[in-house]
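# Structure at a glance
Residue-level listing of the chains:
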Amino acid sequence: MVQLVGSLRKELADSLSACRVLVVGAGGIGCELLKNLVLTGFKNIEVIDLDIIDVSNLNRQFLFQKKHVGKSKAQVAKESVLQFCPTANITAYHDSIMNPEYNVEFFRNFMLVMNALDNRAARNHVNRMCLAADIPLIESGTAGYLGQVTVIKKGLTECYECQPKPTQKTFPGCTIRNTPSEPIHCIVWAKYLFNQLFGEEDADQEVSPDTADPELSWNPADTEARATASDQDGDIKRVSTKDWARSTGYDAVKLFNKLFKDDIQYLLTMDKLWKKRKAPLPLDWLEIQKLACPQEVTGTGLKDQQVLGVAGYSQLFSRSVETLRSMLADKGDGAELVWDKDDPPAMDFVTAAANLRMHIFSMNMKSRFDIKSMAGNIIPAIATTNAVIAGLIVLEALKILSGDVEQCRTIFLNKQPNPRKKLLVPCALDPPSANCYVCASKPEVTVKLNVHKTLVLALQDKILKEKFGMVAPDVQIEDGKGTILISSEEGETEANNSKFLSDFGIRHGSRLQVDDFLQDYTLLVNVIHCEDLEKDVEFEVVGDAPDKAPTPPGAQEDKNVANGNKDSAEPSTSSKAPAEQDDVLIVDSDEEEPSSSTMDVRMESGGHKRKLHDAETGEASAKRQRLDQPLAADEEDDDIIALD
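Procedures and definitions
- Residues numbered from 1 in each chain as written.
- Predicted model: local features only at pLDDT ≥ 70, side-chain atom pairs only at ≥ 80, totals over all residues.
- Heavy atoms only, no water.
- Helix = DSSP H or I, 4+ residues; strand = E, 2+ residues; numbered from the N terminus.
- Buried < 20%, exposed > 50% of the residue type's maximum accessible area, 1.4 Å probe, protein only.
- Areas by Shrake-Rupley, 256 points an atom, 1.4 Å probe, with all protein chains shown as cover.
- Axes fitted to C-alpha atoms, helices over the stretch in contact; angles between N-to-C directions.
- Parallel < 35°, antiparallel > 145°, perpendicular 65-115°, else oblique.
- Contact = heavy atoms within 4.5 Å.
- Nonpolar A, V, L, I, M, F, W, Y, C, P; charged D, E, K, R; others polar.
- Arc of directions from axis to C-beta.
- Polar contact = N/O pair within 3.5 Å; in protein donor to acceptor, adjacent residues only side chain to side chain.
- Pairing = 2+ DSSP bridges.
- Core = buried A, V, L, I, M, F, W, Y, C linked by side-chain atoms within 4.5 Å.
- Phe/Tyr/Trp six-rings, centres within 6.5 Å; stacked < 30°, edge-to-face > 60°.
- Lys NZ or Arg CZ within 6 Å of the ring centre and 35° of its normal.
- Expected span 1.5 Å × (residues − 1).
- pLDDT = per-residue confidence, 0-100.

## A closer look at the overall build of the chain
Along the chain, the regular secondary structure elements total 16 helices and 18 strands. Classification of the 644 residues of the chain by burial places 54% in the buried group. With the model as given, the accessible surface of the chain reaches about 28400 Å², and the carbon-plus-sulfur share is 49%.

See the structure below:
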């Protein structure tokens, strides 16, 4: 057994061997963290992860080997770590931390929880469980060369949700369906197309031309008559894309001509769209096969980094459709496929469909590697970054177990040294936000919506679960009668789902009490009725994600990199929340700055502010940039957080 001996005072060493800690996530950060914990002297560790090992994990998640592919990450991580310290007591759960089994009482069994997660929903949930159990939480994340570690303690620091987080950027449906202008528009369209053909159909992910495009000023009846749709290859009909595809037996040629010829010709009849844009150029399967060379390739290097010609992507489209059709048939009637960037046929389909659409709309086509990066919102995972962040997690854990929570810091790992020659920049922890709808003494929020158009199901799924991160909400209307609008008990209120809020007397000024007993969380929702919300906006949270935040004057950052030396601690001066991320800030300015969520990110070469671009949305923010994922999603690598 190899273990850190002599570096820790006896009292702390005894505390490490006696305390129980929970590690949530056994991916890139989780592997490094588990190794660090046992080598530091932690003896009682529980680890939970729902994922199984994929071959793509092996380049950085060193506890796994090729023979482990397809097995539980948590279980294999446990077995591998026990080789470092056979006397450690490690319990592995191949499960989701959001399972009701892991309730507040479960969290109270631990002295410390350490997150090594990849998605916002799970982070929100663990944050709430630790607040309810009053257990310290160490949050972490990496994105390429960037990383961050922070400590969350109820009543002492900001919680994970004290700062508003933007939702993943979406694009107007008319842009995706009618007038794509960037490769990402075509990639989103191709992912929608996959779901429409092989996955779960979603009315919000329609791929056919949008006749309700607000730019149009034409008569649909007249222009539809002029559309030159093919008689043989599928014409423009008001049937679902999946039903039409099934009617053709998923014939790849008919699909091709419908999507890349007939639909495009139909778009060309929408004259106004093309007055200031370059009109799209329809593709015909037979013409492409006659004139082009399928072996046409541009670019050098690995196969995935090469760009094929139109004929090559046409053939790839055909092969992938046939493969996916067979996979769907093997699953039986009513089955659906789920898009996964690591599933070769699904990735081939999206690569081919996206590139063909890019060509039609006069964009440069992209390699499979580039499309996978954009489609999966991938930021390359770097083993060294994970190792550094895992080490910092343990250092913060040692402070907590020493009783020095006040000396904990938020620590940022930067890509380049700042002018003070530092890659690691510690910042004083911010205090809790008085306006936080999670950790405030009486959480309350105001939501603006149209009570005549908002369904009870939308309130439950899109507002309470998706926006406010609840798992199993119960909703009671404060109407003097205690009307139960939503119950977490299966079947009790399902009949309400298809009704509008106004059907239950909910109007401007109504108040809803929402309880999530799993999270031990209560939220009061004030309803503001509004009939003039922006197009495609179903609701707004009043005061959420402000556009501007003032920079506090005279701010100074903790000058000591030695992880919170008592002599150097500086209080945070932040008073506002970031509108953007939750995981990483790059600090490389002449003066180190506080962990204020309002601080601008500056360039090394002077006082010019710079904006870091959101790897997921392409947008930029001058506010504190932090990591998250959404990994998404979706669906993401288990150790990376996409910059929002």
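From this point, the discussion proceeds with the structure in view.
## Points about the packing of helix α7 (residues 183-198) against helix α14 (residues 368-375)
One can describe the packing of α7 onto α14 by two numbers: an axis separation of 10 Å at closest approach and a directional angle of 75 degrees. When the axes of α7 and α14 are compared, the pair comes out roughly perpendicular. In this structure, α7 contributes I184, I187 and K191 to the contact, and α14 contributes I371, M374 and A375. Looking at side-chain class alone, the contact of α7 with α14 contains five nonpolar, no polar and one charged residues.

## Here we look at helix α3 (residues 73-81)
An α-helical segment advances 3.6 residues per turn. Residues three or four places apart therefore align on the same side. Taken together, the buried positions of α3 are occupied by K73, A74, V76, A77, S80 and V81. Taken down its axis, α3 places every buried residue within 170 degrees of arc, on the same side. In this structure S72 caps α3, since a side-chain oxygen of it lies 3.4 Å from the backbone nitrogen of A74.

## Brief notes about the packing of helix α13 (residues 344-360) against α14
Pairs of packed helices are described in terms of their axes, by the angle between the two and the distance that separates them. For the pair α13 and α14, interaxial distance at closest approach is 10 Å and the crossing angle is 100 degrees. Considered as vectors, α13 and α14 are oriented roughly perpendicular to each other. Seen from α13, the contacting residues are P344, M347, D348, V350, T351, A354, N355 and M358; seen from α14, they are R368, I371 and K372. The class makeup of the residues in the contact of α13 with α14 is six nonpolar, two polar and three charged.

## Some remarks on the pairing of strand β12 (residues 474-477)
As paired elements, β12 and strand β14 (residues 511-516) share four bridges and run antiparallel to each other. Each bridged residue has a counterpart across the sheet, and for D474 the counterpart in β14 is D515. Pairing of β12 with strand β13 (residues 483-486), which is carried by three bridges, proceeds in the antiparallel orientation. Note that in β13 the partner of V475 across the bridge is I486. The hairpin turn running from β12 into β13, its antiparallel successor, is five residues long, and G480 in that turn takes a positive phi close to 85 degrees.

## A few points about the nonpolar core
One finds W189, F198, F260, F317 and F349 to be the most contacted residues of the largest nonpolar core, which totals 55 residues. At the level of elements, α7, α9 (241-247), α10 (252-268), α11 (285-291), α12 (310-331), α13 and α14 are the ones that each hand at least two residues to this core. Within the second largest apolar cluster, 51 residues are counted, among which are L22, Y160, C162 and V541.

## Quick word on the packing of aromatic side chains
Within this structure, the stated rule accounts for 17 aromatic pairs. Measuring from centroid to centroid gives 5.3 Å for F198 and Y250, while their planes differ by 15 degrees, and the two rings are stacked. Of the two residues, F198 is situated in helix α7 and Y250 in the loop between α9 and α10; the sequence distance between them amounts to 52 residues. The buried category is assigned to F198, whose relative accessible area is 0%. One aromatic cluster is present, formed by W189, F194, F198, Y250, F256, F260, W285, F317 and F349 through successive ring pairs. We note R357 situated over the ring of W189; from NZ or CZ to the ring centre the distance is 4.4 Å.

## What to know about the sheet that holds strand β3 (residues 89-93)
Across the sheet, eight strands lie side by side as β3-β2-β1-β4-β5-β6-β9-β10; this open sheet has mixed pairing. Taken across any chain shown, the strands that pair with only one partner, and hence form the sheet edges, are β3 and β10 (424-428). For this sheet, the mean angle separating the axes of adjacent strands, direction not counted, is 15 degrees. Along the sheet, helix α5 (residues 120-133) makes contact with β1 (20-24), β4 (112-115), β5 (137-143) and β6 (146-152), crossing β5 at roughly 165 degrees.

## What about the pairing of strand β9 (residues 409-413)?
In terms of burial, β9 is a largely internal element, five of the five residues being buried. In the sheet, β6 pairs with β9 via three bridges, with the strands oriented antiparallel. Residue pairing in the sheet places V149 in a bridge with I411 of β9. As defined by bridge partners, β9 adjoins β10 across five bridges and the pair is classed as antiparallel. Residue pairing across strands places L413 opposite L424, the latter belonging to β10.

## Considering the side chain of T493
Positionally, T493 belongs in the loop between β13 and β14. Among the polar contacts listed, one links the side chain of T493 to the backbone nitrogen of S487, at a separation of 2.9 Å. Leaving out residues up to four positions away in the same chain, T493 has contacts with I484, L485, I486 and S487.

## Points about α12
Taking 1.5 Å per residue, 22 residues should reach 32 Å; α12 reaches 32 Å between its end C-alpha atoms and fits that length. If you check which residues of α12 are buried, you get V310, A311, G312, Y313, S314, L316, F317, S318, S320, V321, L324 and L328. Looking at the packing, one finds that the buried side of α12 touches α7, α10, α11, β8 (307-308) and α13. Where α12 terminates, the next one or two residues include G332, which has phi positive at roughly 95 degrees.

## Comments concerning the confidence of the model for the chain
Per-chain confidence: the chain averages 79 in pLDDT, with 76% of residues scoring 70 or above. Throughout residues 217-237 the model reports pLDDT below 50, and contacts reaching past four residues in sequence, or to other chains, amount to 32 contacts. Low pLDDT, under 50, characterises residues 545-644; the stretch is placed with 328 contacts to residues that sit more than four places away or in other chains.

## Overview of unusual backbone geometry
The residue S362 is not glycine, and still its phi comes out positive at about 60 degrees. Tracing the backbone shows S362 in the loop between α13 and α14.

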